[in-house]
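Each chain is listed here by its residues.
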Amino acid sequence: MANNHTEIEKRLWASADELRANSKLKSSEYSVPVLGLIFLRYADHRFTQAERELAAQFAKKNGGTGRRGIGKEDYQAKGVMFLPPKARFSHLLALPEGENIGKAINEAMKAVEAENEELKGVLPKSYTKIENSTLVALLKTFSQLAVDAEGDTFGKIYEYFLGNFARAEGQKGGEFFTPTSLVKLIVQIIEPYHGRIFDPACGSGGMFVQSADFIKAHKHNPSVEISVYGQERVDETRQLCLMNLAVHALSGDIRQGNTYYEDLHESVGKFDFVMANPPFNVDKVDKEKIKDDPRFPLGMPKADNANYLWIELFYSALNAKGRAGFVMANSAADARQSEMEIRKKLLQAHAVDVMIAIGPNFFYTVTLPCTLWFLDKGKAKTDRKDKVLFIDARHIFRQVDRAHRTFSPKQIEFIANIVRLYRGESPEFIAGDDEDFPGEEPDLKATFPKLKYADIAGLCKVATLKEIESQGYSLNPGRYVGVADKGDDDFDFAERLEELNEELEVLNSEARELEERIADNVAKLLEAAT
């Protein structure tokens with residue numbers, strides 16, 4: 001479960017990034033072609049392995065008579081993409097100086113798509129925009145990967161590059177990539193061991209990849225245990241997702257469409273797990289188009305903000321025992337009026353299971369903190385029916401650099417173990433050390449000496465529905481968890497200042513949102529009055 005990156009990933013990235021820095025390309029122009037080359041190198045790796053195995057099998061079977069040659073169907077039977085000669089990495093590497101390398105790679109991508117119907121229209125073909133010398137260097141860089149590399153090596157490299165490109169691309173990067181440590185935490189808490197997984201804002205597919213890793217960490221085969229379904233508005237991002245699934249040896253039904261208006265998977269009541277990181281505070285969604293849509297069973301929010309549309313989409317997609325985990329703007333936990341009425345219905349349906357406050361600087365694009373919401377429709381038949389677990393994880397993080405934070409594997413496991421104790425499950429102790437950002441780790445046995453759940457001031461609190469009602473149906477963990485009593489000697493000025501600054505950021509964000517709503521409402525009133 002360690003999330004440390006190997007030297008090979010760092011070395012490949014450093015090499016590829018240096019090439020970009022010395023070219024005329026923006027990061028956004030460079031990322032998809034480079035990810036496409038990692039995909040092609042992976043496809044070539046799998047093909048080469050299958051080629052060796054098939055050659056040995058046929059030699060033994062035919063006694064060397066060569067009665068039937070090895071064909072495309074033999075590779076497909078092994079679950080391997082068939083590659084014609086001009087799509088082989090060795091062919092591209094051997095092209096003479098002066099050859100149009102960009103055109104040759106474009107032709108290779110077209111050839112892969114022609115032989116593998118499921119990839120039709122997925123692979124990038126913009127290589128002629130990149131200088132020949134850069135492409136030659138990139139091909140040599142990725143050819144360094146050993147032919148006998150382990151199967152998940154390419155998946156880790158692809159994910160590492162995705163994260164680095166997302167960081168480099170800023171706002172656009174945030175649209176296709178959710179920080180891996182947040183995704184891992186969501187996965188650890190909803191525990192998608194078996195069933196159908198849906199992400200209606202799937203980006204590059206990180207939720208699916210981490211679900212598969214979770215299943216492998218628990219000694220099961222993700223290809224057997226889960227099936228994945230995604231929807232993504234931007235087609236280029238959908239292509240990144242399909243390549244990402246492929247290099248992780250996964251397949252999925254990923255469709256392109258606007259989730260607000262299109263339910264391409266006929267999602268209502270269909271899925272065991274829903275995971276997502278939707279865009280925050282989107283306005284101008286045309287509610288007239290969706291007023292009769294069964295995906296919004298709890299009513300239509302009146303505010304010009306799509307947060308509660310997403311929450312209803314996730315809730316309605318779950319089957320009777322389904323679990324959902326998703327990232328949400330902090331302001332949604334305290335939103336008033338029609339949004340509070342929807343939140344009240346979720347609570348009265350006994351669907352809200354866990355709420356976790358996350359500190360700022362986990363995202364590449366915004367510094368604001370966020371909240372993780374967890375729904376569990378199966379909870380209504382348990383002794384947790386009238387309870388919600390609140391966790392304040394704002395003080396748990398590992399500093400990556402001045403502007404970014406992450407969770408270490410043991411911090412993720414610690415938070416997930418609090419949820420396991422609350423559910424009456426056994427905690428896990430399988431997380432590895434954080435070799436990238438080492439530091440002090442939380443100690444579950446010291447915090448919960450009997451390994452039984454207990455409220456801890458400043459960390460976690462189980463609240464009843466009556467307590468939540470008395471707080472105006474707020475789902476803000478800060479209202480319930482309280483502050484740890486550190487005593488005078490433990491007062492840390494810098495830490496306290498940081499806490500106050502985080503609270504100020506949240507309040508400023510909410511103030512801006514309220515200001516926009518007031519201005520919008522005043523404009524509507526003036527328009528109606530004239």
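Please refer to the structure higher up on the page.
Described in the following lines is the structure provided in the data block.

Calculation criteria
- Residues numbered from 1 in each chain as written.
- Predicted model: local features only at pLDDT ≥ 70, side-chain atom pairs only at ≥ 80, totals over all residues.
- Heavy atoms only, no water.
- Salt bridge = Lys/Arg side-chain N within 4 Å of Asp/Glu carboxyl O.
- Helix = DSSP H or I, 4+ residues; strand = E, 2+ residues; numbered from the N terminus.
- Buried < 20%, exposed > 50% of the residue type's maximum accessible area, 1.4 Å probe, protein only.
- Polar contact = N/O pair within 3.5 Å; in protein donor to acceptor, adjacent residues only side chain to side chain.
- Contact = heavy atoms within 4.5 Å.
- Phe/Tyr/Trp six-rings, centres within 6.5 Å; stacked < 30°, edge-to-face > 60°.
- Lys NZ or Arg CZ within 6 Å of the ring centre and 35° of its normal.
- Pairing = 2+ DSSP bridges.
- Core = buried A, V, L, I, M, F, W, Y, C linked by side-chain atoms within 4.5 Å.
- Axes fitted to C-alpha atoms, helices over the stretch in contact; angles between N-to-C directions.
- Right-handed = clockwise from strand over helix to strand, strands pointing away.
- Parallel < 35°, antiparallel > 145°, perpendicular 65-115°, else oblique.
- Patch = residues over 30% accessible without salt bridge, like charges linked within 9 Å, V, L, I, M, F, W, Y side chains within 5 Å.
- Areas by Shrake-Rupley, 256 points an atom, 1.4 Å probe, with all protein chains shown as cover.
- Left-handed = near helix turned anticlockwise from the far one by under 90°.
- Nonpolar A, V, L, I, M, F, W, Y, C, P; charged D, E, K, R; others polar.
- Expected span 1.5 Å × (residues − 1).

1. Quick word on the pattern of salt bridges
In step 1: In the structure shown here, the tally under the stated rule is 28 salt bridges.
In step 2: Here Glu 191 ties to Arg 423 by a salt bridge, and the two come within 3.8 Å at their closest N and O atoms. Of this pair, Glu 191 sits in the loop between helix H9 (180-190) and strand E1 (195-199) while Arg 423 sits in the loop between helix H15 (409-422) and helix H16 (444-447), and the two are 232 residues apart along the sequence. Residue Glu 191 shares its accessibility class with Arg 423, and that shared class is buried.
In step 3: For Lys 410, the salt bridge goes to Asp 433, with nearest N and O atoms at 2.9 Å. Residue Lys 410 is found in helix H15, and its partner Asp 433 is found in the loop between H15 and H16; the two are separated by 23 residues along the sequence.
In step 4: By sharing partners, the salt bridges in this structure join Glu 191, Arg 323, Asp 353, Asp 376, Arg 384, Arg 420, Arg 423 and Glu 428 into a single network.

2. What to know about the side chain of His 350
In step 1: Structurally, His 350 is set in the loop between helix H14 (337-348) and strand E6 (352-358).
In step 2: At 3.0 Å, the side chain of His 350 forms a polar contact with the backbone oxygen of Lys 385.
In step 3: Apart from residues lying up to four places away in sequence, His 350 is in contact with Asp 376, Lys 379, Ala 380, Lys 385, Asp 386 and Leu 465.

3. What about the packing of aromatic side chains?
In step 1: Under the defined criterion, the tally for this structure stands at 22 aromatic pairs.
In step 2: Ring centres 6.3 Å apart and planes at 75 degrees place the aromatic pair Tyr 30 and Phe 165 in the edge-to-face group. One end of the pair, Tyr 30, is in helix H2 (residues 27-62); the other, Phe 165, is in helix H7 (residues 153-169), with 135 residues separating them in the sequence. With respect to burial, Tyr 30 and Phe 165 carry one shared label: buried.
In step 3: Positioned above the aromatic ring of Phe 397 is the side chain of Arg 405, whose terminal nitrogen or guanidinium carbon lies 3.7 Å from the ring centre.
In step 4: One residue, Lys 445, lies across the ring of Phe 429, its end atom 5.0 Å from the ring centre.

4. Brief notes about the pairing of strand E9 (residues 398-401)
In step 1: The pairing of E9 with strand E10 (residues 404-406) spans 3 bridges and is antiparallel. Paired with Arg 398 across the two strands is Thr 406, which belongs to E10.
In step 2: Between the antiparallel neighbours E9 and E10 lie 2 residues.

5. A look at the nonpolar core
In step 1: Counting 108 residues, the largest nonpolar core has Phe 161, Ile 356 and Ile 358 as its most contacted members.
In step 2: If you tally residues by element for this core, the top one is H2, at 14 residues.
In step 3: Every residue in contact with Ile 358, bar those within four places of it in the chain, is listed here: Leu 182, Leu 185, Pro 369, Cys 370, Leu 372, Ala 393, Arg 394 and Phe 407.
In step 4: Within the second largest apolar cluster, 44 residues are counted, among which are Ala 306, Leu 347, Val 352 and Tyr 473.

6. Brief notes about the sheet that holds E1
In step 1: In spatial order, the strands read E3-E2-E1-E4-E5-E7-E6-E8-E11; together these 9 strands make up an open sheet with mixed pairing. Edge positions in the sheet fall to strand E3 (252-256) and strand E11 (460-464), since each of these pairs with one other strand and no more. Within this sheet the neighbouring strands show an average axis-to-axis angle of 15 degrees, counted without direction.
In step 2: Taken together, the 5 bridges between E1 and strand E2 (residues 226-232) define a ladder with parallel strand orientation. Bridge pairing in E2 places Arg 196 opposite Ser 227.
In step 3: Together, E2 and E3 form the strand contacts of helix H12 (residues 235-247), whose direction differs from that of E3 by roughly 170 degrees.
In step 4: Of the strands in this sheet, E6, strand E8 (387-392) and E11 touch H15, which is tilted by about 160 degrees from E8.

7. Focus: the pairing of E3
In step 1: Looking at chain direction, E2 and E3 are connected through 5 bridges and run parallel. Bridging across to E3, Gly 230 finds its partner in Ile 254.
In step 2: Of the crossover connections in this fold, the one passing from E2 over H12 to the parallel E3 is right-handed.

8. A look at the packing of H7 against H12
In step 1: At a minimum axis distance of 8 Å, the contact between H7 and H12 shows a crossing angle of 150 degrees. The orientation of H7 relative to H12 falls into the category roughly antiparallel. Contact residues: H7 offers Phe 154, Gly 155, Tyr 158 and Leu 162, while H12 offers Leu 240, Met 243, Asn 244 and Val 247.

9. Considerations on the environment of Leu 35
In step 1: As for its position among the elements, Leu 35 is in helix H2.
In step 2: Taking C-alpha positions, Leu 35 is 9.7 Å from Phe 165, a pair spaced 130 residues apart along the chain.

10. Quick notes on the side chain of Thr 406
In step 1: With respect to the element layout, Thr 406 can be found in strand E10.
In step 2: Among the polar contacts listed, one links the side chain of Thr 406 to the side chain of Ser 181, at a separation of 3.1 Å.
In step 3: Apart from residues no more than four positions distant in its own chain, Thr 406 is found in contact with Ser 181, Phe 362, Phe 397, Arg 398, Val 400, Gln 411 and Phe 437.

11. Some thoughts on the environment of Val 285
In step 1: Mapped onto the fold, Val 285 is located in the loop between strand E4 (271-276) and helix H13 (307-317).
In step 2: Distance in space between the C-alpha atoms of Val 285 and Asn 305 is 7.8 Å, their sequence separation being 20 residues.
In step 3: Excluding residues within four positions of it along the chain, Val 285 makes contact with Tyr 260, Tyr 261, Ile 290, Asp 304, Ala 306 and Leu 309.

12. Some details on a nonpolar patch on the surface
In step 1: A contiguous nonpolar surface patch, about 380 Å² in accessible area, is contributed by Leu 514, Ile 518, Val 522 and Leu 526.
In step 2: Mapped onto the elements, Val 522 comes out in helix H19 (residues 493-529).
In step 3: For Val 522, a relative accessible area of 40% gives the class partly exposed.

13. Section: the packing of H9 against H15
In step 1: One way to put it is that H9 packs onto H15 with a least axis distance of 9 Å and a crossing angle of 25 degrees. Viewed along their axes, H9 and H15 adopt a mutual orientation that is roughly parallel. Of the two possible hands of crossing, H9 and H15 adopt the one that is right-handed. Of the residues in H15, those touching H9 at Ser 181, Lys 184, Leu 185, Gln 188 and Ile 189 are Ile 412, Ile 415, Ala 416, Val 419 and Arg 420.
In step 2: When grouped by side-chain class, the residues that make up the contact of H9 with H15 number 6 nonpolar, 2 polar and 2 charged.

14. Observations regarding helix H5 (residues 101-115)
In step 1: The end-to-end C-alpha separation of H5 is 21 Å, in line with the 21 Å expected for 15 residues at 1.5 Å each.
In step 2: When H5 is considered as a whole, its buried residues turn out to be Ile 101, Gly 102, Ala 104, Ile 105, Asn 106, Ala 108, Met 109, Ala 111, Val 112 and Glu 113.
In step 3: For H5, the side-chain oxygen to backbone nitrogen distance between the N-cap and Gly 102 is 3.3 Å, and the N-cap itself is Asn 100.

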